[in-house]
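Topology and contacts: notes
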There are 2 protein chains.
Amino acid sequence: MDTFDVDYLLTLQSGETIDQKLRGICLEQSVELSGNLISDEIEKRIVGQILRREPMGDQKFNATIRWPVDDIGTGITQFLNLLYGNISLKPGIQITGIDWNALPDTLFRGPAYGIHGIRDKYEIPKRALSCTALKPMGYSARELADLAYEFALGGLDIIKEDHGLSNQPYAPFDERVKACIEAIRRAADETGHRSYYYPNVTGDFLQVKKRYLQAAEWGADGVLLSPHLSGLSVMHHLARLDVDLPIMAHPAFSGSLITQKDQGFSHALLYGGLWRALGADFVIYPNTGGRFSFTAKDCRSINEAARDTDLNYAQSFPTIAGGMKRSTITKWLDTYGPDTVFLIGGDLYEHPDGVRYAAEEFQAKLEDY
Amino acid sequence: MDTFDVDYLLTLQSGETIDQKLRGICLEQSVELSGNLISDEIEKRIVGQILRREPMGDQKFNATIRWPVDDIGTGITQFLNLLYGNISLKPGIQITGIDWNALPDTLFRGPAYGIHGIRDKYEIPKRALSCTALKPMGYSARELADLAYEFALGGLDIIKEDHGLSNQPYAPFDERVKACIEAIRRAADETGHRSYYYPNVTGDFLQVKKRYLQAAEWGADGVLLSPHLSGLSVMHHLARLDVDLPIMAHPAFSGSLITQKDQGFSHALLYGGLWRALGADFVIYPNTGGRFSFTAKDCRSINEAARDTDLNYAQSFPTIAGGMKRSTITKWLDTYGPDTVFLIGGDLYEHPDGVRYAAEEFQAKLEDY
């Protein structure tokens, strides 16, 4: 019987034993019945089996449960349900590890490009990549395209849209995307250097696929997608289409899964593990020290998981965002290394000489490193 | 300019003032730039405006921000992003209220049936409804259909599938759903009383719509859907199709949004408010005192929001689950009133004389109340 292992960080609640807690997860996430109501055969074939329980002090345990692959069936929503469906409603359960290589590639196949694929495609063999965000919401398609043009003249690698740019009346999706593609091409004609434009295709059920295919048809270079808004299985689906558009995943709406110390997912597993498995070529997360609450350890752990070479599929590009600045980029290059995309937004807009010069400065720091 | 108001429960972090925190939300969820980088015109037209800040003691504030409807554009994913996209990654922010009636019905139209629609459809004008769950995962389609037959002979109103029944090899979706529909009809032919069968259509992007349409075509009476697994916009989409299948929403994978006291969503807003707005005819949640952690106050607040008659659209049926028992059903009827669906799973399976008799007992308690 094919199985896969899931690691948990468990925190005992008042009156609970570790064996009760583990057995509770094994039953809750499979048969959803008391053990006395199921046959030995169902117990063996369907219910999770406890592999490991390791006390960590302070009522905490690291534990591993082995699950039958057949419990997942044919979709990643049932994988997510088995992983964290009902137990998301219970205290003291955090998912910290998954044995990805034990899962069939009919379920998970990872990024279509990943770090090596993107480096080959963009002919940037070694250095870190630059990225910025087009904003603010409220600008017209023309104003956003003018910004894209300036950033492209400044030589940035990737110009993505802010994840709040959707299909608002002041800059409708089709008008905006076409205008930005034209602007990026015009800049490339002038400089001989091509920047890559990633529009935000996040949208409702069916909208998102339509936008992804339109972005490809009109000539975008990749897309931005917030998988926790559109649905995690959407990223999985888009990454497998025969369409030449890398996916940059944005963490909007994902925060509650990682802001609790003893519940949800570890940072590494959610952003470096699950998103990678679902096909994110780029994994955006907010850097430590900015206006969000990730620690230095959280950030390192995401990078390690996203780049882990023991997995059977391509690596994801850690994409560091959330208040990054030109002035500290060298420090972060030292810290995170060259297999990183640095996303600077607001700080480029603050440059007294304009975004083009800000982009030039930023790009030079990466190229000269 | 059309606007809508959102209420927040804010908990100040070390060194933070309430004005900083509120202004931070107004900018973060719209322009994602510092206030000094945007024009007065963008400030007025796009950025959230602080309406109210009310100290609650212990570093907590109730607050309200007014948002432009145009910031949402044409989809509920951008509504969710504005509501809780980036700020999901920040501590001390909980969404507690939304002025639903201010939002256009192109965005939210509520349940297609709701409490009154279901009562009319099933000709149950006043009493509470009964519901159970087919399980366990691991049973064949035949075994699950046999159970459905027994429950239907027992006279239950709604027989839904366990939310873990997906498309596993031991009971594939099509075989299972067809077998259960046949079993329910056979029981109705024998008793003259019709039970209503709700298969689980939760699935990946595109699978879920296909399953919903198949369930309708084959003759199911409604469906079970876990919107946090398939994607929240999926429920919104299915509820608007011209298909005669009410939607029962299951809370799998939603827990992290409500298990933090000072973050995420209030129970009432998520299950009674947002799910209702997105089209859930039935709102399943785990009752207080069971194996999950909802308080009595949480449960009451969900019921009040789901049944609130001040909204412009149909009410959702609170569907109380998570360890409900035959022995205490009268107490919960007293507590929650007749506009409630009671979902008893495991306790019916434990009846020494079998599920048919357990169902009869359960049903009698509701009909005789």
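Please read these numbers as outputs of a predicted model, since none were measured by experiment. (Residues numbered from 1 in each chain as written. Chains lettered and ligands numbered in written order. Predicted model: local features only at pLDDT ≥ 70, side-chain atom pairs only at ≥ 80, totals over all residues.)

1. A few points about the relation of the copies chain B and chain A
The two copies are related by a screw motion: chain B maps onto chain A through a turn of 180 degrees and a shift of 0.0 Å along the axis, at an RMSD of 0.0 Å. Within this description, the copies of the chain are treated as partners about a two-fold rotation axis. In terms of proximity to the rotation axis, the leading residue of chain B is Gly-231 of chain B, whose C-alpha is 2.1 Å off the axis. Taken as a fraction of all interface residues of chain B, those also at the interface in chain A reach 100%, which identifies the copy contact as same-surface. (Least-squares fit on C-alpha atoms with pLDDT ≥ 70 in both. Contact = placed C-beta atoms within 7 Å.)

2. Describing the domain arrangement of chain A
All names here are of chain A. Partitioning chain A into structural domains gives domain 1 (3-102) and domain 2 (114-368). If you average the C-alpha positions of domain 1 and of domain 2, the two centres end up 34 Å apart. When contributions to the side of domain 1 that touches domain 2 are tallied by element, the ones reaching two or more residues are β1 (3-11), α3 (76-84) and β4 (93-98). Considering each element in turn, the side of domain 1 that touches domain 2 owes the most residues, six residues, to β4. (Domains from an automatic or database assignment. Helix = DSSP H or I, 4+ residues; strand = E, 2+ residues; numbered from the N terminus.)

3. Considerations on the interface of chain B and chain A
Tallying the contact residues gives 70 residues for chain B and 70 residues for chain A. Those elements giving two or more residues to the side of chain B that touches chain A turn out to be α2 (40-45), α3 (76-84), α8 (227-230), α9 (232-240) and α13 (346-349) of chain B. If one sorts the elements of the side of chain B that touches chain A by residue count, α3 of chain B sits on top with six residues. Class assignment for the residues of the side of chain B that touches chain A results in 25 nonpolar, 36 polar and nine charged. (Nonpolar A, V, L, I, M, F, W, Y, C, P; charged D, E, K, R; others polar.)

4. Observations concerning the sheet that holds strand β2 (residues 49-57) of chain A
All names here are of chain A. Read from one edge of the open sheet, five strands run β2-β3-β1-β4-β10, paired in mixed fashion. Strand pairing shows two members of the sheet lacking a second neighbour, β2 and β10 (264-265), which therefore form its edges. As defined by bridge partners, β1 adjoins strand β3 (residues 60-68) across nine bridges and the pair is classed as antiparallel. Within β3, the residue paired with Asp-5 across the bridge is Arg-66. On top of the sheet, helix α10 (residues 267-277) reaches β4 and β10; it is set at about 45 degrees to β4, its chief contact. (Pairing = 2+ DSSP bridges. Axes fitted to C-alpha atoms, helices over the stretch in contact; angles between N-to-C directions.)

5. What about the packing of α3 of chain B against α9 of chain B?
Residue and element names in this part refer to chain B. Taken N-terminus to C-terminus, the directions of α3 and α9 make an angle of 140 degrees; their axes are 9 Å apart at the nearest point. Taken together, the axes of α3 and α9 lie oblique to each other. Between α3 and α9 the crossing geometry is right-handed. Of the residues in α9, those touching α3 at Ile-76, Thr-77 and Leu-80 are Leu-232, Ser-233 and His-236. (Parallel < 35°, antiparallel > 145°, perpendicular 65-115°, else oblique. Left-handed = near helix turned anticlockwise from the far one by under 90°.)

6. Some points on helix α5 (residues 141-153) of chain B
Residue and element names in this part refer to chain B. Helix length check: α5, at 13 residues, gives a terminal C-alpha distance of 18 Å against a target of 18 Å (1.5 Å per residue), a fit within 8%. Of all 13 residues that make up α5, ten are buried, and the element is covered over most of its length. If you check which residues of α5 are buried, you get Ala-141, Leu-144, Ala-145, Leu-147, Ala-148, Tyr-149, Glu-150, Phe-151, Ala-152 and Leu-153. In this structure, the buried side of α5 is in contact with β5 (129-134), β6 (158-161), α6 (173-191), β7 (196-198) and α14 (355-368). (Expected span 1.5 Å × (residues − 1). Buried ≥ 20, exposed ≤ 12 C-beta atoms within 10 Å, placed from the backbone.)

7. Observations concerning unusual backbone geometry
Put simply, Lys-135 of chain A and Pro-136 of chain A share a cis peptide bond, and its omega is 0 degrees. Here Leu-206 of chain B, not a glycine, exhibits a phi torsion of approximately 80 degrees, which is positive. Structurally, the position occupied by Leu-206 of chain B is in the loop between β7 and α7 (207-218).

8. Side note on helix α14 (residues 355-368) of chain A
Given 3.6 residues per turn, any residue in an α-helix points the same way as the ones three and four places further on. Residues and elements named next belong to chain A. Taking 1.5 Å of rise per residue, 14 residues should cover 20 Å, and α14 covers 20 Å from first to last C-alpha, within 8% of that figure. Taken residue by residue, α14 has Val-355, Arg-356, Ala-358, Ala-359, Phe-362 and Leu-366 as its buried positions. Burial along α14 is one-sided: seen end-on, the buried residues are contained in an arc of 160 degrees. For α14, exposure combined with an orientation more than 90 degrees from the buried face picks out Glu-367 and Asp-368. Along its buried surface, α14 packs onto β5 (129-134), α5 (141-153), α12 (329-336) and α13 (346-349). (Arc of directions from axis to C-beta.)

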